[in-house]
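Coordinates in review
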Amino acid sequence: MFPGRSGLKVTGGWVLMDEEKGEVGNLVWAGTAMATSSEEVLLVVKRVRQKKQDGALYLMAERVAWAPEGKDRFSVSHLYADIRCQKISPDGKSKIQLQLVLHTGETTNFHFTSESSAMKDRDAAKDLLQQLLPKFKRKANKELEEKNRMLQEDPLLFQLYKDLVVSQVISAEEFWANRVSMNSVDHSLTNSKQEVGISAAFLADVRPQTDGCNGLRYNLTSDIIESIFRTYPAVKQKYGENVPHNLTEKEFWTRFFQSHYFHRDRISTGSQDLFAECGKLDEQGLKSMVGQGVRNSMVDLTSLEDKSLDEGYGISSGPSTSSHNKTLKENSNAAIIKRFNHHSAMVLATGLRKQDAQNEQNGETSSTDGNSKDSDFFQPSVKKVKLQEAIEYADLEQENGRKPVALNLKKSDRYSHGPTPVQCQQYATSQDIINSVNCIRHEIADYTPRLTQVLSSSTASTAIAALSPGGVLMQGGTQQAINQMVPNDTQCELKHLYVAAGELLRHFWSCFPVNTPFLEEKVVKMRSNLERFQVTKLCPFQEKMQRQYLSTNLTGHLEEMLQTAYNKFHAWQTRRMLRKT
Amino acid sequence: CRLNIDGLLVYFPYDYIYPEQYSYMLELKRTLDAKGHGALEMPSGTGKTVSLLSLIVAYQRAFPLEVTKLIYCSRTVPEIEKVVEELRRLIDFYEKETGERSSFLALALSSRKNLCVHPEVSSLRFGKEVDGKCHSLTASYIRAQRHSDSSVQTCRFYEEFDALGRQVPLPAGIYNLDDLKSFGRRRGWCPYYLARYSILHANVVVYSYHYLLDPKIADLVSKELAKKSVVVFDEAHNIDNVCIDSMSVNITRRTLDRTQSNIETLQNTIQRIKDTDASRLQEEYRRLVEGLKEANVARETDVYLSNPVLPDEILQEAVPGSIRSAEHFVGFLKRLLEYLKSRLRVQHVVQESPPQFLKDAFEKVCIDRKPLRFCAERLRSLLRTLEIADIADFSAVTLISNFATLVSTYSKGFTIIIEPFEDRTPSIANPILHFSCMDSSIAIKPVFERFQTVIITSGTLSPLDIYPKILDFRPVTMASFTMTLARACLCPLIVGRGNDQVAISSKFETREDIAVIRNYGNLLLEMSSVVPDGIVAFFTSYQYMENIVASWYEQGILENIQRNKLIFIETQDAAETSMALEKYQEACENGRGAILLSVARGKVSEGIDFVHHFGRAVIMFGVPYVYTQSRLLKARLEYLRDQFQIRENDFLTFDAMRHAAQCVGRVIRGKTDYGLMIFADKRYARADKRGKLPRWIQEHITDSSLNLTIDETVQLSKHFLRDMAQPFKEDQLGLSLLTLDQLQSEEMLKKIAQIAHQI
């Protein structure tokens, strides 16, 4: 069981109910008439068996459901968000089935029994599900994962979760209500910081396996597809253009693996290939990359030599003069090399694209500050830095001055002037300061010690001794007492109680000011939660304390806090009553 | 700090110094004192450049009459810029210490493409286009035309520079390429011509090898540099190839076709001028009678088409009568072209020496040696006379005429090979005439002769003794320095076999062996799961890499590697590789980790450093021998054997090992850096190979790591990487890092004396 059902809205006709097996958390239709459901039915497939019962399968906007024949209530219903994946029976099997696997691990099988169109029915259902599932999947998965992660990473939170949700003080939804949103924000922040890169070998992972009958099988996962799309935008574009209206997904990838585009060592022969264009686009991309040249002039091989020999001079006639006398093999070898360079560059680029975009943004902001220079003048300075780096011998120099970190100021005026004060009168003017300094100086100058009225040295030293740790006046501190008197596990329990109470109180106080009906409802609920907490958690603890004869009132503060909350609630309620009457 | 290097006060712009830097400066000082040449090998990342600059600048200040100029040559534009920045640091330090503004002028010079500020011209992408466009705006006759016709476009930056720029020398300071540009923009002067003019009186010039070694360019840029200069060739491990490249010419059918159309254009232009302005041609004729000497005193902007090394005596002579008139010359070119066409119509490979070629040419089409020698110069004059604006179009005919001059000037050290087809594709006719220089000393000879001190230095210059041989010079100092280390931050491992005990090697017989390829793949796969951040792997050739990558792909090895790291691969397209390289660095930077598959002798292996996390391991798959079946190589090997007594195998191994060392050396760029160097070929274990690695790498190869299996390699790597990943404790001091006091102790000086290994 997992607390992941926050997206659910319980509307008329839908109830939460235990299934026959008694597992918690499955939704089962229990309404009286289907007509009451306002949901759109996308597909109805008749003659579908489930648990050896004939019935009909309904695919709706948010859930898939099944109703036994002759009855008008669903006995099986799954939200799309709860479905992890669907599986189908292999083509050759006599039973044509569709299996839904839920996140909880349960499975539900549907057996399509229509004699004439079982296969068609199944495929229709499958295709529709295929389109629908991803939409819901992502959201549900993310949320679940996120919550799971938070619980795992934060033991305190996990304890709290156990204290409050498992013991049913508050519901899971209430528990997560303001946590997820808050956390998903900062998580997305860390997300944007670092994205997982692409393995350069992702195409190696789809190495074909022979399936034993003269065919090849490629294993393609969504990760690989994602990698292909990110690395080769041209393929993604093709995919968008052709799938699903021209080709099915399967056909698309089959063609992809058949194309010379994938097998780059094959030289392109015809242009009817779907991916011929991709190859061309890639070549253009490579060309433009090359055409852009390199930023670092130290690695620019084209301008490395100062004065190259003119054509016709020199001992070697240079690389093979013309391309037409190259053999086919040489050409294909060259193609492989080109491909590797391009592939690596593209893989590298997927990781850098974001950075670049950010850098560009930064560049823009800095240029608005007027700090940017004309690119023509800027370029030599990059070169100069590289040159300086190249001639540096760090170990020959005395390490007297480490290079200080340069202060990168976006707005230099803000740095030199500081933020403008909101309320000027709170600040002393410089005249005031000078005056007061003068005043103090004056007083110090005029200060004359009254030596007759000081303490004698012996009295002073006893006073200091008494106030030092261990002194007479320092004894009886409760801090020590608690540490020593209360056993560790009780301390721990107390800590948990504090945390739980704090959480509940936080919820409670966050309802104020109560200005919406929702908050009203919530504050009432929170008060009952608090009471429940006091009865189920706090009171047993107190009793335990008493049994152990711990005299100190450890829970006094907790009670006090609860009492304050009750008072507040009471005050609010009486006020509301008054207003109502 | 201030150092005392053998009696010379040297300002060193750091608080501490590496012992090897001190040792290096001592050797350098000795070389300068002797006014001789030197070859010095110093590990990468030990501050070679700053040591060079500190000492030579100090020397210049102490003996301003002995050393007037430092010419610092490096290979790539970033390297050039790095050197200037280090120099700036040094001069800043001088100013701080002495408290006075220095009157030091140092500048970088680069091609127009890197210096042009003309809004239209500088927006062009290729160096050739920039040069051509610049020429069309600044050529002397164009500027002359503008006097009469104001609609002719010229470059205002050049005009401003020409009017004012030479009167006042460039103010003292350090000018990097960007500094020159911004200075040029401020003044409205052309930075390129300003720089070219200013190198004459600058204290330090930093530019690329070509400005000294390529006769086509050296002749115009570096001709007037003072004799009392110190020339430094940094990253000089490949200097012989640069020399050879600058003197070699290849002619294909396409070249000849384009020459044909060039000649037609010339002919038409001549005809037109003859009809309208015959006096112009007569004027040229008169000039040519008087000799090329005068023709050579052309305006600096016209010398875009300079000739290959012209012996001085030619300049004294008059152009032979047979090619003096424009029409005759074009006719001569036509004959030459037809002859070359006939030579390209071959069915089998032809190899001959320049004298044989000349003899054949004389017999077949009666082309004499003498007019051939003047060919380049004559064409230059003609193009100027005809006022041809878009000179880049005439590159084909220029190439042919340069070839003509070269082939008739040098009878030794060159070979001509005509191949009817490429070896790999014998069915496709693609004839090429290679005119190939085999003697790297020819191009560098003027440099050694002219300048009093030439320093050849690099991180990998082993075996040192071979360089003086192939470059034909006599060094006064030759030394290899080791790297003092507080912790062994490099870990060379030689992997000789796979876990299945199959020997792994890229040698020809087994390179297609599936077991070897699989073992190579397993090695990379295993390493990719052990090594953090970046791994660089080098293959012996591009083709080999393509094949291996293809079979790794088929075997699914690459996919498994991709689970650990992204894969980037060098291609033959420089722009594409740059992109891959940048993405590779990005992936190392953001923690994803990446592998760069690259090629020895490629651009990456020559010019890109993989500091720190950009390269935690480098794997050298195989021994990077050159393609030994090439006829050019065979000819060169023969020549080396006959002329310099260098055995073929020695040279091939030397060449392979210097490239291997270059590749693996890419990962260690300093003492705080660390990296694995994995040599994946059992042949590396042999003494003749291992012995040719730089000493600073050799020292760390233990006997137990000579023939490891992949598993053992992984274990050792894991251990090494874990060790190195610990925070670098500050115990370098006194060991691999010295304070001034420590440097002066007797004991330390003794230790330092052992760092340099004289050869």
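Quick notes on the rules
Residues numbered from 1 in each chain as written. Chains lettered and ligands numbered in written order. Predicted model: local features only at pLDDT ≥ 70, side-chain atom pairs only at ≥ 80, totals over all residues. Heavy atoms only, no water. UniProt positions renumbered as here; feature names shortened; annotations may be inferred. Buried < 20%, exposed > 50% of the residue type's maximum accessible area, 1.4 Å probe, protein only. Helix = DSSP H or I, 4+ residues; strand = E, 2+ residues; numbered from the N terminus. Contact = heavy atoms within 4.5 Å. Axes fitted to C-alpha atoms, helices over the stretch in contact; angles between N-to-C directions. Parallel < 35°, antiparallel > 145°, perpendicular 65-115°, else oblique. Nonpolar A, V, L, I, M, F, W, Y, C, P; charged D, E, K, R; others polar. Buried area = accessible area lost by both parts, 1.4 Å probe. Salt bridge = Lys/Arg side-chain N within 4 Å of Asp/Glu carboxyl O. Polar contact = N/O pair within 3.5 Å; in protein donor to acceptor, adjacent residues only side chain to side chain. Pairing = 2+ DSSP bridges. Right-handed = clockwise from strand over helix to strand, strands pointing away. Core = buried A, V, L, I, M, F, W, Y, C linked by side-chain atoms within 4.5 Å.

- Looking at an unreviewed UniProt entry, one finds chain B named DNA 5'-3' helicase and attributed to Huso huso.
- What UniProt states about chain B under its Cofactor (unreviewed entry) heading is, verbatim, "[4Fe-4S] cluster".

- If you look chain A up in an unreviewed UniProt entry, it shows as General mRNAion factor IIH subunit 1-like from Huso huso.
- Here is the UniProt Sequence similarities (unreviewed entry) comment for chain A, exactly as written: "Belongs to the TFB1 family."

With respect to helix 6 (residues 140-148) of chain B
- Along helix 6 of chain B, the residues classified as buried are Ser140, Tyr141, Ile142 and Arg143 of chain B.
- Among the structural elements, helix 5 (127-138), helix 7 (156-165) and helix 20 (375-385) of chain B are those in contact with the buried residues of helix 6 of chain B.

A word on the packing of helix 8 (residues 276-292) of chain A against helix 27 (residues 574-589) of chain B
- Contact pair helix 8 of chain A / helix 27 of chain B: the axes reach a minimum separation of 8 Å and the direction vectors enclose 85 degrees. Regarding the angle of helix 8 of chain A to helix 27 of chain B, the classification is roughly perpendicular. The residues of helix 27 of chain B that touch helix 8 of chain A, namely those facing Leu286, Met289 and Val290 of chain A, are Ala575, Glu576, Met579 and Lys583 of chain B.
- Residue composition of the contact of helix 8 of chain A with helix 27 of chain B, by class: 5 nonpolar, no polar and 2 charged.

A few points about the interface of chain B and chain A
- Each partner contributes residues to the interface: chain B has 97 residues there, and chain A has 71 residues.
- Interface of chain B and chain A: buried area, both sides summed, is about 7500 Å²; carbon and sulfur atoms make up 56% of it.
- On the surface where chain B and chain A come into contact, there are 0 salt bridges.
- In this structure, the connection of chain B to chain A is made through 7 residue pairs in polar contact (both at pLDDT 80 or more).
- Considering every element that reaches the side of chain B that touches chain A, the biggest residue donor is helix 27 of chain B, with 13 residues.
- In the side of chain B that touches chain A, the residues fall into 34 nonpolar, 31 polar and 32 charged.

Some words on the pairing of strand 17 (residues 566-569) of chain B
All names here are of chain B.
- Taking every second residue as pointing to the same face, both faces of strand 17 are buried, with Leu566 and Phe568 on one and Ile567 and Ile569 on the other.
- Pairing between strand 17 and strand 18 (residues 594-599): 4 bridges, direction parallel. Looking across to strand 18, one finds that Leu566 is bridged to Ala594.
- Taking the sense of rotation as the criterion, the β-α-β connection linking strand 17, helix 27 and strand 18 turns out right-handed.

Quick look at the sheet that holds strand 17 of chain B
All names here are of chain B.
- The strand order across the open sheet built from 6 strands is 15-20-19-16-18-17, with neighbouring strands paired in parallel fashion. Here the strands that pair on one side only, and so sit at the sheet edges, are strand 15 (490-495) and strand 17. Averaged over neighbouring strand pairs, the angle between their axes works out to 15 degrees when direction is ignored.
- Taken together, the 4 bridges between strand 16 (residues 534-539) and strand 19 (residues 617-621) define a ladder with parallel strand orientation. When the bridges of strand 19 are listed, Ala537 appears paired with Ile619.
- Packing of helix 33 (residues 710-725) onto the sheet brings it into contact with strand 15 and strand 20 (675-680), and relative to strand 15 it is tilted by some 175 degrees.

With respect to the nonpolar core
All names here are of chain B.
- Of all hydrophobic cores here, the largest spans 185 residues; its most connected members are Tyr207, Phe233, Ile239, Leu266, Leu433 and Ile456.
- Looking at which element gives the most residues to this core, the answer is helix 17 (residues 326-344), with 10 residues.
- Beyond its immediate chain neighbours, meaning those up to four positions away, Ile456 contacts Gly38, Ala39, Leu40, Phe233, Ala236, Ile239, Phe448, Leu461, Leu471 and Phe473.

Concerning the sheet that holds strand 10 (residues 350-352) of chain B
Residues and elements named next belong to chain B.
- The strand order across the open sheet formed by 4 strands is 9-12-11-10, and the pairing between neighbours is antiparallel. Either end of the sheet is taken by a strand with one partner, and the two such strands are strand 9 (249-252) and strand 10. Ignoring which end each strand starts from, the neighbouring axes of this sheet average 10 degrees apart.
- In this sheet, strand 11 (residues 414-421) lies alongside strand 10 in antiparallel orientation, the contact comprising 3 bridges. For Val350, the partnering residue across the bridge sits in strand 11 and is Ile418.

A word on the UniProt feature "domain: Helicase ATP-binding" (unreviewed entry) in chain B
- With numbering matched to this structure, UniProt assigns "domain: Helicase ATP-binding" (unreviewed entry) to residues 7-283 of chain B.
- Its end C-alpha atoms 61 Å apart, residues 7-283 of chain B is made of 57% helix and 13% strand.

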